[in-house]
Amino acid sequence: MNRIQHFAGFVYQEIRLLNQGEYLRIDIQVEPHGAMDGKCAQCLKGAPGYDRLPKRCWLFVPLWGIRTFFRYAPRRVNCPEHGIGVEHLPWSEGKRPVTTTMMGFLARWGRRL
Ligand SMILES: [Zn+2]
């Protein structure tokens, strides 16, 4: 995963293939890199952690045609300039439940069609 989609400050922890009735699903567990602070979403500077939000899922590019998700519990950081806020997530844009990689993938297919 790091060769394909490396995000500085984050590590891939566990990748699981789940059987959901007649569908399969791949969950990619993402965790913060232990030695690095989260970044403020406004100024992109490292900021001390405040707390963590519940886990969220983002749709990633399907692998072997199987729906694939990033799972991550975003940190809230306490930026000295902007106060407490959700950290910058390099694979996410706003509240969309889709990774930026998947949005690019869909846009390329859209153009081709
Ligand atoms: Zn800031």
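## Here we look at the nonpolar core
Point 1. Phe 10, Ile 28, Val 30, Phe 70, Tyr 72 and Trp 91 are the most contacted members of the largest nonpolar core, which totals 15 residues.
Point 2. Of all the elements in the fold, those that place two or more residues in this core are β1 (10–20), β2 (23–32), β6 (56–63) and β7 (66–72).

## Focus: the pairing of β1
Point 1. In this sheet, β2 lies alongside β1 in antiparallel orientation, the contact comprising ten bridges. Paired with Gln 20 across the bridge in β2 is Tyr 23.
Point 2. Connecting β1 to the next strand, β2, in antiparallel fashion are two residues, including Gly 21 with a positive phi near 65°.

## A few points about the coordination of the zinc ion
Point 1. The protein atoms that coordinate the zinc ion are Cys 40 (SG), Cys 43 (SG), Cys 79 (SG) and His 82 (ND1), at distances of 2.1 to 2.3 Å.
Point 2. Taken together, the four donor atoms coordinating the zinc ion and their angles of 104 to 113° define a geometry best described as tetrahedral.
Point 3. Residue class for His 82 comes out partly exposed when judged on its relative accessible area of 30%.

## What about the environment of Arg 76?
Point 1. If you trace the backbone, Arg 76 turns up in strand β8 (residues 75–79).
Point 2. Apart from residues lying up to four places away in sequence, Arg 76 is in contact with Gly 49, Tyr 50, Asp 51, Leu 53, Ile 84, Gly 85 and Val 86.

## With respect to the confidence of the model for the protein chain
Any segment with low pLDDT has predicted coordinates that should not be analysed in fine detail.
Point 1. Summing up the model confidence of the protein chain, the mean pLDDT is 94 and the portion of residues at 70 or higher is 100%.
Point 2. The least confident element of the protein chain, judged by mean pLDDT, is helix α1 (residues 100–112) at 93; the most confident is β8 at 97.

## Here's the deal with the sheet that holds β7
Point 1. Pairing is mixed across the open sheet formed by four strands, whose spatial order is β1-β2-β7-β6. In this open sheet, the two strands that pair with only one neighbour each are β1 and β6. Between one strand and the next, the sheet's axes are offset by a mean angle of 25°, whatever the strand orientation.
Point 2. With six bridges connecting them, β6 and β7 associate as antiparallel partners. Bridged to Phe 60 within β7 is Thr 68.

## Describing the sheet that holds strand β9 (residues 83–86)
Point 1. The antiparallel open sheet is built from three strands, whose spatial order is β5-β8-β9. Strands at the two margins of the open sheet, each flanked by one partner only, are β5 (49–52) and β9. Recorded for the sheet is a direction-independent mean angle of 25° between the axes of neighbouring strands.
Point 2. Here β8 pairs with β9 via four bridges, running antiparallel. Across the sheet, Val 77 pairs through a bridge with Gly 85, a residue of β9.

## Side note on unusual backbone geometry
Point 1. Located in the positive-phi region is Leu 44, a residue other than glycine, with phi close to 60°.
Point 2. If you trace the backbone, Leu 44 turns up in the loop between β3 (38–39) and β4 (46–47).
Point 3. Taking relative accessible area as the criterion, Leu 44 reaches 45% and is therefore assigned partly exposed.
Point 4. A positive phi angle, close to 55°, is found at Trp 64, a residue other than glycine.
Point 5. Looking at where Trp 64 falls in the secondary structure, it is placed in the loop between β6 and β7.

Criteria and cut-off values
- Residues numbered from 1 in each chain as written.
- Predicted model: local features only at pLDDT ≥ 70, side-chain atom pairs only at ≥ 80, totals over all residues.
- Heavy atoms only, no water.
- Core = buried A, V, L, I, M, F, W, Y, C linked by side-chain atoms within 4.5 Å.
- Buried < 20%, exposed > 50% of the residue type's maximum accessible area, 1.4 Å probe, protein only.
- Helix = DSSP H or I, 4+ residues; strand = E, 2+ residues; numbered from the N terminus.
- Pairing = 2+ DSSP bridges.
- Donors = N, O, S within 2.8 Å, 3.2 Å for Na, K, Ca; no water.
- Tetrahedral: all angles 85-135°; square planar, octahedral: opposite > 155°, others 65-115°.
- Contact = heavy atoms within 4.5 Å.
- pLDDT = per-residue confidence, 0-100.
- Axes fitted to C-alpha atoms, helices over the stretch in contact; angles between N-to-C directions.

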